[in-house]
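# Results of the structural survey
Chain by chain, the residues run as shown.
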Amino acid sequence: MKLRDELPVDHRLATVYRYGAGLCGVTLLVFGCLGFADRLSPFDTGGTRIAGLSTNGLLSLISVVVGLVLLAGAVVGGNTASTLNLTVGTLFLLSGYIHLFTLDRSANVLDFGMSNVIFAFVMALLLLTFGMYGRVSGRLPHDNPYWRRRHPREAARASLEARRRARPSEPTSAAGSATAGPLPRRPE
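Cut-offs and rules
Residues numbered from 1 in each chain as written. Predicted model: local features only at pLDDT ≥ 70, side-chain atom pairs only at ≥ 80, totals over all residues. Heavy atoms only, no water. Core = buried A, V, L, I, M, F, W, Y, C linked by side-chain atoms within 4.5 Å. Buried < 20%, exposed > 50% of the residue type's maximum accessible area, 1.4 Å probe, protein only. Helix = DSSP H or I, 4+ residues; strand = E, 2+ residues; numbered from the N terminus. Contact = heavy atoms within 4.5 Å. Phe/Tyr/Trp six-rings, centres within 6.5 Å; stacked < 30°, edge-to-face > 60°. Axes fitted to C-alpha atoms, helices over the stretch in contact; angles between N-to-C directions. Parallel < 35°, antiparallel > 145°, perpendicular 65-115°, else oblique. Left-handed = near helix turned anticlockwise from the far one by under 90°. Nonpolar A, V, L, I, M, F, W, Y, C, P; charged D, E, K, R; others polar. Expected span 1.5 Å × (residues − 1). Polar contact = N/O pair within 3.5 Å; in protein donor to acceptor, adjacent residues only side chain to side chain. pLDDT = per-residue confidence, 0-100.

### Let's talk about the nonpolar core
- Membership of the largest hydrophobic core comes to 19 residues, with the highest contact counts inside it found for L70, F92, F112, M123 and L127.
- Among the elements that line this core, the one with the most residues is helix α4 (residues 114-132), at five residues.
- Here F112 is in contact with S54, L59, S95, H99, L103, V117 and A120, once residues within four sequence places are set aside.

### Some remarks on the packing of aromatic side chains
- Going through the model one piece at a time under the given rule, you end up with one aromatic pair.
- Both rings, one in Y97 and one in F121, keep their centres 5.0 Å apart while their planes meet at 65°; by these two values the pair is edge-to-face. Of the two residues, Y97 is situated in helix α3 (residues 78-102) and F121 in helix α4; the sequence distance between them amounts to 24 residues.

### Brief notes about the packing of α3 against α4
- Where α3 meets α4, the axes come as close as 7 Å, and the angle between the chain directions of the two elements is 155°. Classified by the angle their axes make, α3 and α4 are roughly antiparallel. In terms of crossing hand, the pair formed by α3 and α4 is left-handed. Together, S82, N85, L86, V88, G89, T90, F92, L93, G96, Y97, H99 and L100 of α3 and M114, V117, A120, F121, M123, A124, L127, L128, F130, G131 and M132 of α4 make up the contact between the two elements.
- Residue composition of the contact of α3 with α4, grouped by class: 16 nonpolar, seven polar and no charged.

### Describing α3
- Between its terminal C-alpha atoms α3 stretches 36 Å, which fits the 36 Å expected from 25 residues at 1.5 Å a residue.
- Phi turns positive one or two residues past the end of α3, at D104, with a value near 60°.

### Regarding the side chain of S63
- Within the secondary structure, S63 is located in helix α2 (residues 57-76).
- Residue class for S63 comes out buried when judged on its relative accessible area of 7%.
- Looking at S63, its side chain comes within polar contact range of the main-chain oxygen of L59, at 2.8 Å.
- S63 has contacts with L28, L29, F31 and G32, leaving out every residue within four places of it along the chain.

### What about the packing of α2 against α3?
- Relative to each other, α2 and α3 sit at 155°, their axes nearing to 7 Å. When the axis of α2 is compared with that of α3, the two are roughly antiparallel. Judged by the sense of rotation from one axis to the other, the crossing of α2 with α3 is left-handed. Each of V66, V69, L70, G73 and V76 in α2 lies in contact with α3, whose residues at this interface are G78, T80, A81, L84, N85, V88 and F92.

### Here we look at unusual backbone geometry
- Backbone geometry at D104 places phi at a positive 60°, although glycine is not the residue there.
- Here D104 lies in the loop between α3 and α4.

### Remarks on the confidence of the model for the chain
- Per-chain confidence: the chain averages 78 in pLDDT, with 76% of residues scoring 70 or above.
- Counting contacts from residues 1-5, a segment whose pLDDT is below 50, to residues more than four positions away or on other chains yields eleven contacts.

### A few points about the environment of L61
- Considering the arrangement of structural elements, one finds L61 in helix α2.
- Sequence separation between L61 and G35 is 26 residues; the distance between their C-alpha atoms is 8.4 Å.

### A look at the environment of G78
- Positionally, G78 belongs in helix α3.
- Sequence separation of G78 and T15 is 63 residues, and the distance between their C-alpha atoms is 7.6 Å.
- For G78, the contacting residues outside a window of four places in its chain are A14 and Y17.

So, in structure tokens, the structure goes:
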């Protein structure tokens, strides 16, 4: 399925996407600002810890930038926030795997520790869950645009039935045929 802007602007799933981006964005922003407040050097790999995670100035900068991007996505909302959650979640997942293999090596310029790797995987899980919510599920409601796109025949049938129910029923005669109005008068 391609990610398209299929949701209406006021759809209830837009709130989930917004809250997910906002929650994760605020978390990263706070972590990054705490790193700046501690005046860390950009490429220090000495093991400075903030909130249980090892960090340096570069990781703080990246955290602030990504946090601001997620907060901007939360402000925009809708499919933009969902797509942003999916993208950033995927990047966190990749970052977790990459840094898992660079622990205790000179390539670890962001001073990642095992707690940072676990945090990256947890953040990836949160962002991917918020980004995919309503797009990937076994029991989507039939008014969900993603369900309608995956099941076009059933969606057309449900739409037709809904239109039939919305129309007032037409009066029928004893023979069962619909009448179009009063019968014409015979000339006398």
